[in-house]
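Fold and contact review
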Amino acid sequence: MKDYLVLISCICFLVFLIPGRFRKYFAIGGWACIVGYLFLELPYYFSINNFMYPAIAILSVPFLYITTKYLLRGDPRVIQLSTIAAVAFLIYAPFGYIPALGDWLIAAVADQTSAALAMSGHPVNFSAWNMMERNGFRTEIILACTGIQSIAIMLGVAWGVRSTAGQKIAGFLLVFPTIYVLNIVRNVFVITAYSEQWFPYLSTIAGNGEMGYESFFWAHNVMAELGALIFLVILAYALFLVLPELGKLADSLYRLYRSEVERIVRPKAGRSEL
């Protein structure tokens, strides 16, 4: 069911890119499927003690309400936001839905991560084509470990706004190599921390019954997640400098959603139209 929701969301956003009077309904369908997917993933997130994505799932409900409301009005700001999501899906889809491409990317990242681990003095053995083992601890490289989602999102941000060809190229050169290389560094950190058991703390919070999982939890679910979030904020700021229209769009969207949240939280307060 979850995989179907992602596929339907992808199809909806791609159809949204085709001009037509009903395109806004496809955008609504795309956003709704994403929110549905987040909620269906909650049991998995809780099983690995990941609380960031459940928080995102809860916040996605008012986001969907506001987005749907303004898509139905044909608001150009939310149309532009949906265009960014559609471009991101267009970049991600070949790797997510063509197994040969996805496996090729996973294998490439696994090989490069292994080489980086060897250079750092922590060589690993492959127990499978995408499974690395060190000190009895195994780590599987999957599509989510390749950074393709972050690359697709940030390229969607860079290419989904009005900009010149030169600005789009500059956005690509800023986003792709930076995220790709830093994702390899992230993998090296997580695998080393797990296999060397750097953070065997607070098993009641970080443990799942699997021996040594605590180190993986702190390295992957906490430190790497927070580090990635901070980095993406910095990268977004750099994109604002390269793409001035992106900064204007971000400010306009912030004011739109903030105003709507205030209407929900303080419905009797004075209101002003944006």
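All residue numbers here refer to positions counted from 1 along the written sequence of the relevant chain. Where totals are concerned, whole chains, interfaces and linings use all residues; where local detail is concerned, this predicted model gives features only for residues with pLDDT of at least 70, and gives and counts side-chain atom pairs only at 80 or more. The side-chain values count all of the structure's non-hydrogen atoms but skip hydrogen atoms and water molecules.

Comments concerning the overall build of the protein chain
The criterion, for reference: Under the DSSP-based scheme used, a helix requires at least four consecutive residues in state H or I and a strand at least two consecutive residues in state E, with every element numbered from the N terminus. All radius of gyration figures rest on C-alpha atoms, and the globule criterion is 2.2 Å times the number of residues raised to 0.38. Each residue's exposure class comes from its accessible area (1.4 Å probe, protein chains only) as a fraction of the maximum for that residue type: buried when under 20%, exposed when over 50%, partly exposed otherwise.
Looking only at helices and strands, the protein chain features 11 helices and 3 strands. Overall, the protein chain shows an N-to-C arrangement of helices and strands of α-α-α-α-α-α-β-β-β-α-α-α-α-α. By the compact-globule yardstick of 19 Å for 274 residues, the protein chain fits well, its C-alpha radius of gyration being 20 Å. Viewed in the frame of its principal axes, the protein chain has a C-alpha envelope of about 60 × 45 × 35 Å. Here the protein chain holds 274 residues, and the buried ones make up 43% of them.

Some remarks on helix α1 (residues 2–16)
Stated precisely, the cut-off is as follows: To estimate the expected span of a helix, count its residues, drop one, and scale the result by 1.5 Å. Note on contacts: a residue pair is in contact if any heavy atoms of the two residues lie within 4.5 Å.
Look at α1: 21 Å from first C-alpha to last across 15 residues, which is about the 21 Å you get at 1.5 Å a residue. At its buried positions, α1 is contacted by α2 (23–40) and α5 (76–97).

Here's the deal with the packing of aromatic side chains
Formally: Stacked, tilted and edge-to-face are the three classes applied to pairs of Phe, Tyr and Trp rings, where Trp contributes its six-membered ring and a pair requires centres within 6.5 Å; stacked means planes under 30 degrees apart, edge-to-face means over 60, and tilted covers the rest.
Per the stated rule, a full pass over the model turns up 16 aromatic pairs. Ring centres of Phe 63 and Tyr 257 lie 5.4 Å apart, and the angle between their planes is 10 degrees; on these two criteria the pair is classed as stacked. Taken as a pair, Phe 63 in helix α4 (residues 52–72) and Tyr 257 in helix α11 (residues 244–265) lie far apart in primary sequence, 194 residues in all. Judged by its relative accessible area of 13%, Tyr 257 falls in the buried class. Between Phe 189 and Trp 198, the ring centres sit 6.3 Å apart and the planes meet at 55 degrees, which makes this aromatic pair tilted. When its relative accessible area of 38% is taken as the criterion, Trp 198 is described as partly exposed.

Points about the pattern of salt bridges
In a structure, side chains of opposite charge can pair up when their charged atoms sit close to one another. Heads up, the rule is: For this document, the term salt bridge refers to a Lys or Arg side-chain nitrogen within 4 Å of an Asp or Glu carboxyl oxygen.
All chains considered together, the criterion is met by 7 salt bridges. Of the charged contacts, one joins Glu 245 and Arg 162 as a salt bridge, the two residues approaching to 3.9 Å between their closest N and O atoms. Pair noted here: Glu 245 is in helix α11 and Arg 162 is in the loop between α7 (148–159) and α8 (165–195), with a separation of 83 residues, a long-range link. Residue Glu 245 is classed as partly exposed on the basis of its relative accessible area, which comes to 30%.

Things to note about the packing of α5 against α11
Stated formally: Helix axes are fitted to C-alpha atoms over the stretch in contact, other axes to C-alpha atoms as well, and angles between N-to-C directions run from 0 to 180 degrees. Less than a right angle of anticlockwise turn of the near helix away from the far helix marks a crossing as left-handed, whereas a clockwise turn marks it as right-handed. Three residue categories are used. Nonpolar comprises Ala, Val, Leu, Ile, Met, Phe, Trp, Tyr, Cys and Pro, charged comprises Asp, Glu, Lys and Arg, and polar comprises the others, including Gly.
Where α5 meets α11, the axes come as close as 10 Å, and the angle between the chain directions of the two elements is 115 degrees. Like other packed secondary-structure pairs, α5 and α11 cross with a definite hand, here left-handed. Across the interface between the two elements, Arg 77, Val 78, Gln 80, Leu 81 and Ile 84 of α5 pack against Leu 249, Ser 252, Leu 253, Leu 256 and Tyr 257 of α11. Looking at the contact of α5 with α11, its residues break down into 7 nonpolar, 2 polar and 1 charged.

What to know about the packing of α4 against α5
At a closest axis distance of 8 Å, the pairing of α4 and α5 adopts a crossing angle of 115 degrees. The two elements α4 and α5 meet at a crossing, and its hand is left-handed. Here α4 contributes Phe 63, Thr 67, Tyr 70 and Leu 71 to the contact with α5, which in turn contributes Arg 77, Val 78, Ile 79, Leu 81 and Ser 82. In the contact of α4 with α5, the residues fall into 6 nonpolar, 2 polar and 1 charged.

Focus: the nonpolar core
In plain terms, the rule: Here the nonpolar core consists of buried residues drawn from Ala, Val, Leu, Ile, Met, Phe, Trp, Tyr and Cys, with membership extended through side-chain atoms lying within 4.5 Å.
The biggest cluster of nonpolar side chains holds 57 residues, and the ones touching the most others in it are Ile 141 and Leu 239. Ranked by residues supplied to this core, first place goes to α5 with 12 residues. Other than its neighbours up to four places away in sequence, Leu 239 contacts Met 154, Val 157, Ala 158, Gly 171, Leu 174, Val 175 and Leu 246. If you look at the next biggest cluster of nonpolar residues, it comprises 12 residues, including Val 190, Ala 193, Tyr 213 and Ala 224.

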